Amino acid sequence: MNSQTRKSTIEGPAGALEIALDAPAGDSRGVAVIAHPHPLFGGTLDNKVVQTLARAFVQSGWTAVRFNFRGVGGSAGSHDEGRGELDDFLAVVQHAAAPGGKQVTLALAGFSFGAFVTTHAFERLRTSRNIEKLVLVGTSVSRAAAAPIDPAAHLKTLVVHGEQDDTVLLSAVMDWARPQALPVTVVPGVGHFFHGQLPLLKHLVTRHLSSPVA
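This brings us to helix H3 (residues 113–125). Here H3 contains 13 residues, and its C-alpha end-to-end distance of 18 Å stays within 8% of the 18 Å for a straight helix at 1.5 Å per residue. The buried fraction of H3 amounts to ten of the 13 residues, a majority that puts the element mostly inside the structure.

Glancing now at the pairing of strand E7 (residues 157–162). Residues in a regular strand project their side chains so that they alternate between the two faces of the sheet. Extensive coverage of E7 is indicated by the burial of six of its six residues. Sheet topology note: the strand E6 (residues 131–137)/E7 ladder contains four bridges and is parallel. Paired with Leu134 across the strands is Thr157, a residue of E7. Relative to strand E8 (residues 185–187), E7 is paired through three bridges, and the arrangement is parallel. Paired with Gly162 across the two strands is Val187, which belongs to E8. Each parallel crossover has a hand, and for E7 linked through helix H4 (residues 170–177) to E8 it is right-handed.

So, about the pattern of salt bridges. A side chain of one charge can pair with a side chain of the opposite charge when the charged atoms of the two come close. The tally for this structure, following the rule as stated, stands at nine salt bridges. For Asp22, the salt bridge goes to Arg66, with nearest N and O atoms at 3.1 Å. Here Asp22 is found in strand E2 (residues 15–22), whereas its partner Arg66 is found in strand E4 (residues 63–67), with 44 residues between them in sequence. The residues Asp22 and Arg66 share a single accessibility class, namely buried. Across the salt bridge formed by Arg178 and Asp175, the nearest N and O atoms sit 2.9 Å from each other. Judged by relative accessible area, which is 48%, Asp175 ranks as partly exposed. One salt-bridge network, held together by shared partners, links Lys7, Asp22, Asp46 and Arg66.

This part covers the sheet that holds strand E3 (residues 31–35). The pairing of strands in a sheet comes from backbone hydrogen bonds and takes either a parallel or an antiparallel form. Ordered in space as E1-E2-E4-E3-E5-E6-E7-E8, the eight strands form an open sheet in which the pairing is mixed. Lying at the two open borders of the sheet, with one neighbouring strand each, are strand E1 (6–12) and E8. Taken pair by pair, the neighbouring strands of this sheet meet at an average axis angle of 20°, ignoring direction. Alignment of E3 against strand E5 (residues 106–111), held across five bridges, turns out to be parallel. Looking at E5, one finds that Ala32 is bridged to Ala107. Contacts from H4 reach E6, E7 and E8, with the element oriented near 155° to E7.

To continue, consider the packing of helix H2 (residues 83–97) against H3. Where H2 meets H3, the axes come as close as 9 Å, and the angle between the chain directions of the two elements is 65°. Seen from above, H2 lies across H3 with right-handed handedness. Facing Glu85, Leu86, Phe89, Leu90 and Val93 of H2, the residues of H3 in contact are Phe113, Val117, Thr118, His120, Ala121, Arg124 and Leu125. Of the residues in the contact of H2 with H3, the class split is eight nonpolar, two polar and two charged.

On the secondary structure map, Ser75 appears in the loop between E4 and H2. With a relative accessible area of 6%, Ser75 lands in the buried category. Here the side chain of Ser75 touches Asn68 through a polar contact of 2.7 Å, landing on its backbone oxygen. With near-sequence residues (within four places) excluded, Ser75 lies in contact with Ala16, Leu17, Glu18, Asn68, Phe69 and Arg70.

The rules behind each value
Positions within a chain are numbered from 1, following the residues in the order the chain's sequence is written. Note on the predicted model: pLDDT of at least 70 is required for a residue's local features to be given, and 80 or more for side-chain atom pairs to be given and counted; whole-chain, interface and lining totals, by contrast, use all residues. The basis for the side-chain values is all heavy atoms of the structure; hydrogens and waters are excluded. A helix here means a DSSP run of H or I that spans at least four residues, while a strand means a run of E at least two residues long, and both kinds are numbered starting from the N terminus. To estimate the expected span of a helix, count its residues, drop one, and scale the result by 1.5 Å. Three exposure classes are used, based on accessible area relative to the maximum for each residue type with a 1.4 Å probe and protein chains only: buried under 20%, partly exposed in between, and exposed over 50%. Paired strands, in this sense, are two strands between which DSSP finds at least two bridges. By convention a crossover is right-handed if, when the strands point away from the viewer, the path from the first strand over the helix to the second runs clockwise. A pair is scored as a salt bridge if a Lys or Arg side-chain nitrogen falls within 4 Å of a carboxyl oxygen belonging to Asp or Glu. Angles run from 0 to 180 degrees between N-to-C directions of axes, and those axes are lines fitted to C-alpha atoms, restricted for helices to the stretch in contact. Should any heavy atoms of two residues lie within 4.5 Å, those residues are counted as being in contact. A crossing counts as left-handed when the near helix is turned anticlockwise from the far one by less than a right angle, and as right-handed when that turn is clockwise. Nonpolar residues are Ala, Val, Leu, Ile, Met, Phe, Trp, Tyr, Cys and Pro. Charged residues are Asp, Glu, Lys and Arg, and all others, Gly as well, are polar. For this analysis, a polar contact is any N or O atom pair within 3.5 Å, provided that within protein one partner can donate a hydrogen and the other can accept it, and provided that sequence-adjacent residues contribute only side-chain to side-chain pairs.

If you want it as structure tokens, here you go:
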């Protein structure tokens with residue numbers, strides 16, 4: 001993302017997991033783990049939306065940790081349709097946000113397939129970890145069911161979707177959100193990858209991160 005990005009590998013469930021860490025200039029508020037879009041369609045930790053999310057978190061004082069799912073870049077293994085990818089996500093959380101068993105303040109974020117995995121990571125972690133912020137962009141809900149978001153976490157959750165997303169239809173996301181009464185921020189005229197609107201996406205995320213913790 002910039003000259004200060006630190007890339008390394010950690011031991012994951014299927015072997016090495018490649019991670020990229022960006023730290024804020026001053027003291028860190030906590031660790032944000034950010035997941036990338038579908039590995040079989042070119043998704044990596046260097047995806048522009050994922051980088052935009054990382055920049056928003058770093059600007060807001062968080063340490064941003066991106067990672068490549070199994071089978072992508074320097075990460076070992078092969079695509080597992082979300083099951084193994086959830087294990088990868090949880091392994092990165094354990095490494096980055098519970099070093100030596102000491103838990104630090106945690107945020108979760110993801111884009112597209114990564115947002116789908118993030119919903120399941122949130123569901124798995126919410127009873128054992130205090131997750132301060134949750135950010136879901138272009139959430140994939142069609143190929144497999146995204147996990148519902150606990151109502152108690154709705155105020156700390158930002159769901160953003162493009163009105164003209166033809167990869168994940170807005171109507172499908174609304175069908176997922178409606179039974180939960182989960183608010184969705186819709187960006188008019190924008191497609192799945194937020195072309196031309198990444199600065200706006202960054203603004204929406206930083207504004208959410210600056211709001212008081214629910």
